[in-house]
Number of protein chains: 2
Amino acid sequence: MAEIMAAAIQLFKDKGYHATSMQDIADAVGLQKGSLYHYISSKEDLLILIIREALAQYISNLEEIARSNLPPRDKFAEAVRHHLKGIATNLGMLTVFLREAHALTPEQRAIVDRETRRYNELVEGIYQEGVAQGVFRPLNPKLVCRTVLGACNWFYRWYRPDGPLSLEEMADFFVDVLFRGIEARPAASETAPPGSGGQSAAGGSDTSAGA
Amino acid sequence: MAEIMAAAIQLFKDKGYHATSMQDIADAVGLQKGSLYHYISSKEDLLILIIREALAQYISNLEEIARSNLPPRDKFAEAVRHHLKGIATNLGMLTVFLREAHALTPEQRAIVDRETRRYNELVEGIYQEGVAQGVFRPLNPKLVCRTVLGACNWFYRWYRPDGPLSLEEMADFFVDVLFRGIEARPAASETAPPGSGGQSAAGGSDTSAGA
């Protein structure tokens, strides 16, 4: 089964989900198409299996980070690193998930949406713990989560294992830039972006994107 | 032709590119399938047309911002706003572009890659102008561009015109958080993220993600 999933991930990633047939998958694992149906009932089933497996790994690792005794800023850094490493090490699975989720049935999509929400809530929880401790500025938690995870998710589009920078260097960069973007500290008023909502120089009272 | 493109965008967005047939497109615009071939030679042609039109609009608007006399921080803010507004107002076209680009032929993909590179270079140029003027920290320009545009690109996945926040409010949020992430100013050392490369408290010397 693991072999079938690995083959399907590779094919969905390279050819796209719709362009891949059950025959392609059977060929890739050296099975007759009829035998393949012993293991899975349809291509749709395989897609939802792949997506749920990707999400389950992601969620359980993040739950561990969220439950740990680390201070919020370390939790945030670990969450970003975990997210990027997860994309880098499961590039095929994540590409299929991030690109092909629209091919799911409404029922399957509801399951995936629920699990994605759980993931986002964990990230929001880490952020809000940091706000409570004065580490992060109080902003709209949903938007914080979408900005941070959006920047990280896009990683799947351009990350190449043989690129000039190591995964560690890139993760350091993301943690640094994203952390600075939301941390609580006095704004450098002379460099405040125009129209950014007139946040006070004391920080922590920016409500321009408030809930 | 505009009508055919609009219909194709809607279908590619809702059903996905591979699941949409030329018959579906003909039906949507009330043409015989044979007549549709007067206008376009294949579904592939239509996809590349849609993608190139999306990119051409994006690039020419951004060129205008980059060429303007605005200070770098305003250029940066305008570039982020322009990117998000472009996604919001061309949601269908951008969804097709961002999700279906892998369905292009290698030759088509080379064209799109070149135009995407041009877009990224404009954003990097704005950032580097700001570095030269001391507004932004010197970081790896490619990574800055990927972080900023990645966060913005992900917008196409969750933006809903009828959501609780206006486009303006969300754009303000992105400008604020992303600008702070890269602006030059003293780091609040007590809130510096762990393992972020030991940047100096004076800012501007962070090379943790340097080229």
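Residues numbered from 1 in each chain as written. Chains lettered and ligands numbered in written order. Predicted model: local features only at pLDDT ≥ 70, side-chain atom pairs only at ≥ 80, totals over all residues. Heavy atoms only, no water.

**Some remarks on the overall build of chain A**
Now for step 1: When helices and strands are tallied, chain A shows ten helices and zero strands.
Now for step 2: When the helices and strands of chain A are read in sequence order from the N terminus, they spell out α-α-α-α-α-α-α-α-α-α.
Now for step 3: Counting across all 211 residues of chain A, residues that qualify as buried make up 56%.
Now for step 4: In chain A, 70% of the contacts between residues at least 6 apart in sequence involve partners at least 24 apart.
Now for step 5: When the accessible surface of chain A is split by element, carbon and sulfur atoms take 51% of a total near 8800 Å². (Helix = DSSP H or I, 4+ residues; strand = E, 2+ residues; numbered from the N terminus. Buried < 20%, exposed > 50% of the residue type's maximum accessible area, 1.4 Å probe, protein only. Contact = heavy atoms within 4.5 Å. Areas by Shrake-Rupley, 256 points an atom, 1.4 Å probe, with all protein chains shown as cover.)

**Topic: the packing of helix 4 (residues 43-67) of chain B against helix 7 (residues 106-132) of chain B**
Residue and element names in this part refer to chain B.
Now for step 1: Packing of helix 4 against helix 7 brings their axes to within 10 Å, and their N-to-C directions diverge by 15°. Judged by the inter-axis angle, helix 4 sits roughly parallel to helix 7. Both helix 4 and helix 7 take part in a crossing whose hand is left-handed. Of helix 7, the residues touching helix 4 (which contributes Glu44, Asp45, Ile48, Ile51, Arg52, Leu55, Tyr58, Ile59, Leu62, Glu63, Ile65 and Ala66) are Gln108, Ile111, Val112, Glu115, Thr116, Arg118, Tyr119, Leu122, Val123 and Ile126.
Now for step 2: For the contact of helix 4 with helix 7, a count of residues per class yields 14 nonpolar, two polar and six charged. (Axes fitted to C-alpha atoms, helices over the stretch in contact; angles between N-to-C directions. Parallel < 35°, antiparallel > 145°, perpendicular 65-115°, else oblique. Left-handed = near helix turned anticlockwise from the far one by under 90°. Nonpolar A, V, L, I, M, F, W, Y, C, P; charged D, E, K, R; others polar.)

**Structural notes on the pattern of salt bridges**
Now for step 1: Counted under the stated rule, the structure contains 18 salt bridges over all chains.
Now for step 2: Salt bridges sharing common partners tie together A:Glu78, A:Arg81 and A:Asp172. (Salt bridge = Lys/Arg side-chain N within 4 Å of Asp/Glu carboxyl O.)

**Some words on empty space enclosed by the protein**
Now for step 1: Taken as a whole, this structure holds three cavities of 30 Å³ or more when the rule is applied.
Now for step 2: Roughly 70 Å³ of volume is contained in the largest cavity.
Now for step 3: Surrounding the largest cavity, B:Phe76, B:Ala79, B:Val80, B:His83, B:Val123, B:Ile126, B:Tyr127, B:Val148, B:Leu149 and B:Cys152 form its lining.
Now for step 4: Elements represented by at least two residues in the lining of the largest cavity include exactly helix 5 (72-89), helix 7 and helix 8 (141-153) of chain B.
Now for step 5: Per-element accounting of the lining of the largest cavity gives the leading share, four residues, to helix 5 of chain B.
Now for step 6: Here the residues of the lining of the largest cavity sort into nine nonpolar, one polar and no charged.
Now for step 7: Size it by volume and the second largest cavity reaches roughly 40 Å³.
Now for step 8: For the second largest cavity, the full set of lining residues is A:His18, A:Arg99, A:Glu100, A:His102, B:Gly16, B:Tyr17, B:His18, B:Arg99, B:Glu100 and B:His102.
Now for step 9: Those elements that place two or more of their residues in the lining of the second largest cavity are helix 6 (91-100) of chain A together with helix 6 (91-100) of chain B.
Now for step 10: When its residues are assigned to classes, the lining of the second largest cavity shows one nonpolar, five polar and four charged. (1 Å grid on protein atoms, 1.4 Å probe; cavity = no way out; pocket = protein on both sides within 12 Å on 5 of 7 lines; lining within 4 Å. Points joined across faces, edges and corners; volume = space filled by probe spheres on them.)

**A look at the layout of surface pockets**
Now for step 1: Counted as a void, the largest pocket has a volume near 1400 Å³.
Now for step 2: When contributions to the lining of the largest pocket are tallied by element, the ones reaching two or more residues are helix 4 (43-67), helix 6, helix 7 (106-132) and helix 8 (141-153) of chain A together with helix 1 (2-15), helix 6 and helix 9 (155-158) of chain B.
Now for step 3: Considering each element in turn, the lining of the largest pocket owes the most residues, nine residues, to helix 7 of chain A.
Now for step 4: Grouping the amino acids of the lining of the largest pocket by side-chain chemistry returns 21 nonpolar, nine polar and 14 charged.
Now for step 5: Space inside the second largest pocket adds up to approximately 1200 Å³.

**Notes on the nonpolar core**
Now for step 1: Core analysis: the largest hydrophobic core is formed by 146 residues, its most contacted members being A:Ile25, A:Phe76, A:Phe155, A:Phe174, B:Ile25, B:Phe76 and B:Phe174.
Now for step 2: For B:Ile25, the residues in contact, after removing those within four places along its chain, are B:Ile4, B:Ala8, B:Leu11, B:Phe12, B:Thr20, B:Leu36 and B:Leu46. (Core = buried A, V, L, I, M, F, W, Y, C linked by side-chain atoms within 4.5 Å.)

**Concerning the side chain of A:His83**
Residues and elements named next belong to chain A.
Now for step 1: Looking at the secondary structure, you find His83 in helix 5 (residues 72-89).
Now for step 2: The buried category is assigned to His83, whose relative accessible area is 5%.
Now for step 3: Contact partners of His83, with chain neighbours within four places excluded, come to Tyr58, Tyr119, Leu149, Cys152 and Asn153.

**Digging into the packing of aromatic side chains**
Residues and elements named next belong to chain A.
Now for step 1: The full count for this structure, using the stated rule, is 25 aromatic pairs over all chains.
Now for step 2: Relative to Phe179, the ring of Phe136 lies with its centre 5.6 Å away and its plane at 65°, an arrangement referred to as edge-to-face. In this pair, Phe136 is assigned in the loop between helix 7 and helix 8 and Phe179 in helix 10 (residues 167-182), connecting sequence segments 43 residues apart. Like Phe136, the residue Phe179 is buried in the burial classification.
Now for step 3: Members of the aromatic cluster, each reached through a chain of ring pairs, are Phe155, Trp158, Tyr159, Phe173 and Phe174.
Now for step 4: Across the ring face of Tyr17, the terminal group of Lys43 is positioned such that the distance to the ring centre comes to 4.4 Å. (Phe/Tyr/Trp six-rings, centres within 6.5 Å; stacked < 30°, edge-to-face > 60°. Lys NZ or Arg CZ within 6 Å of the ring centre and 35° of its normal.)

**Side note on helix 7 of chain A**
Residue and element names in this part refer to chain A.
Now for step 1: For helix 7, with 27 residues, the first-to-last C-alpha span of 37 Å sits near the 39 Å given by 1.5 Å per residue.
Now for step 2: Every buried residue of helix 7 is accounted for by Gln108, Val112, Glu115, Tyr119, Leu122, Val123, Glu124, Ile126, Tyr127 and Gly130.
Now for step 3: Buried residues in helix 7 make contact with helix 4, helix 5, helix 6, helix 8 and helix 10.
Now for step 4: Two residues or fewer after helix 7 comes Gly134, characterised by a positive phi angle close to 80°. (Expected span 1.5 Å × (residues − 1).)

**Notes on the confidence of the model for chain A**
All names here are of chain A.
Now for step 1: Looking at chain A, the pLDDT average stands at 85 and 88% of residues meet or exceed 70.
Now for step 2: Between the elements of chain A, mean pLDDT differs from a low of 80, seen in helix 6, to a high of 96, seen in helix 10.
Now for step 3: Between residues 189-211, whose pLDDT stays under 50, and residues either more than four places distant or in other chains, the model counts 42 contacts. (pLDDT = per-residue confidence, 0-100.)

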